[in-house]
Structures are given as structure tokens and as C-alpha cells.
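The residues making up each chain are set out below.
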Amino acid sequence: MLSSPEDFAALQGQGSVRSNPLLVVRVRRNDLEETRFGLSTGRKLGGAVVRNRVRRRIREALRVMAPSFQPGWDVLIIARPPVIGAEYQTLAGTLENLLRRGGVLEGRTVT
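The written sequence of each chain sets the order in which its residues are numbered from 1. Since the coordinates come from a predicted model, pLDDT governs what is reported: local features require at least 70, and pairs of side-chain atoms require 80 or more to be given and counted, while whole-chain, interface and lining totals use all residues. The side-chain values count all of the structure's non-hydrogen atoms but skip hydrogen atoms and water molecules.

Chemist: Honestly, the side chain of D74 in this entry has me stumped. Any pointers?
Modeler: Helical segments are the DSSP runs of H or I of at least four residues, strand segments are the runs of E of at least two, and each set is numbered from the N terminus. Along the chain, D74 falls in strand β4 (residues 73-79). Identification of polar contacts relies on pairs of N or O atoms within 3.5 Å, with a donor-acceptor requirement for protein atoms, meaning one able to donate a hydrogen and the other able to accept it, and with residues adjacent in sequence counted only if both atoms are side-chain atoms. Within polar-contact distance, the side chain of D74 engages the side chain of R36 at 2.8 Å. Contacts are residue-level and defined by heavy atoms, with any inter-residue pair within 4.5 Å sufficient. Once residues lying within four places of it in the same chain are set aside, the contact partners of D74 are L2, L11, R26, V27, R28, N30 and R36.

Chemist: Would you mind showing me how to read the pattern of salt bridges here?
Modeler: Oppositely charged side chains can pair when the atoms bearing their charge come close. When a carboxyl oxygen of Asp or Glu lies within 4 Å of a side-chain nitrogen of Lys or Arg, that pair is called a salt bridge. One pass over the structure, following the stated rule, counts five salt bridges. With a shortest N-O distance of 2.8 Å, D74 and R36 are connected by a salt bridge. In this pair, D74 is assigned in strand β4 and R36 in strand β3 (residues 36-40), connecting sequence segments 38 residues apart. Take D74: its relative accessible area is 0%, and that puts it in the buried class. Put simply, E96 and R100 hold a salt bridge, and the shortest N to O gap is 2.7 Å. Of this pair, E96 and R100 both sit in helix α3 (residues 88-102), four residues apart, which is roughly one turn of that helix. Three labels apply to residues, based on accessible area from a 1.4 Å probe with only protein chains included: buried if under 20% of the type maximum, exposed if over 50%, partly exposed otherwise in between. Under the relative-accessibility criterion, R100 is labelled partly exposed at 31%. Each of D7, R28, R36 and D74 takes part in one network of salt bridges that share partners.

Chemist: Mind showing me how you'd approach the sheet that holds β3 here?
Modeler: Spatially, the four strands line up as an open sheet ordered β1-β2-β4-β3, and their pairing is mixed. Each edge of the sheet is formed by a strand with only one pairing partner; in this case those strands are β1 (16-19) and β3. The mean angle between the axes of side-by-side strands here comes to 20°, regardless of whether they run parallel or antiparallel. In this structure, β1 lies alongside strand β2 (residues 23-29), joined through four bridges in antiparallel fashion. Paired with S19 across the two strands is V24, which belongs to β2. In this fold helix α1 (residues 5-14) packs onto β1, β2, β3 and β4, with an angle of close to 95° to the strand it touches most, β2. For helices, the axis comes from a line fit to the C-alpha atoms of the stretch in contact; other axes are also lines fit to C-alpha atoms, and the angle between any two N-to-C directions lies between 0 and 180 degrees. Its contacts with the sheet put α3 on β1, β2, β3 and β4, and the angle it makes with β2 is roughly 30°. Whether two strands pair comes down to DSSP finding at least two bridges between them.

Chemist: So what exactly am I meant to see when it comes to the pairing of β3 here?
Modeler: Burial of β3 is extensive: four of the five residues sit out of reach of the surface. Note: β3 against β4, five bridges, orientation parallel. Directly across from G38, in β4, lies its bridge partner L76. Every crossover in which the path from the first strand over the helix to the second runs clockwise, viewed with the strands pointing away from the viewer, is termed right-handed. Once the chain exits β3 it traverses helix α2 (residues 48-65) before rejoining the sheet at β4, and the crossover so formed is left-handed.

Following this line, the structure appears as C-alpha cells:
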């Protein structure tokens, strides 16, 4: 997981953006052998319970897709308010599409 402010700042400055109404995904190549993720769930989503639920759903979708990740990426996933009412399959499909468009995900599709 991304945690340092420097990593987030690098994504803001150098990352490319893919977005749709549910999520925004910022991606950037790194020199590591792993793909690292950061999640951003702002207060516009709601209270702590709602934001934590959104983070859990996104992490679960990432867990399912993990075997298809390409190494060497930093990814920041920013949740937008419509994600709260989205069904899990819609969320997972949207996330898969954005990661595939960003070059982070290749190979099999999520069912």
C-alpha cells in the first residue's frame, strides 16, 4: 500500500489519470517489483462507516484481481460519491476497466 506523502505527491505530479463517475484512478510507473495501491475516500462520501465500507469493497475487488496485476506500478484510487450506491459487480467492473486502461491490469477478466 502507498502510505507516504511523497508517494501520493509523485502520483499527483507525474501520474496519468483514468476516470468515470464512480472512481478516479491515477497510475505511475515505479522501479519496484510490486504494484502498490493507495485509497482515497473523502468526507464527501459520508461518515466513517460509509467510507470504511467503500474502502473494504475496493480492497476486495483488488484482492480478486491481484493475480493479473503487472509489476512496477503505483496506483491511487479515489472514490466519488456515486460509488456508495453502486452494486459490487458494477464497482469491480469499473475498477477493472480503469486499471486495464491504465496498463496496470492485463490477462484474465474478473467474473
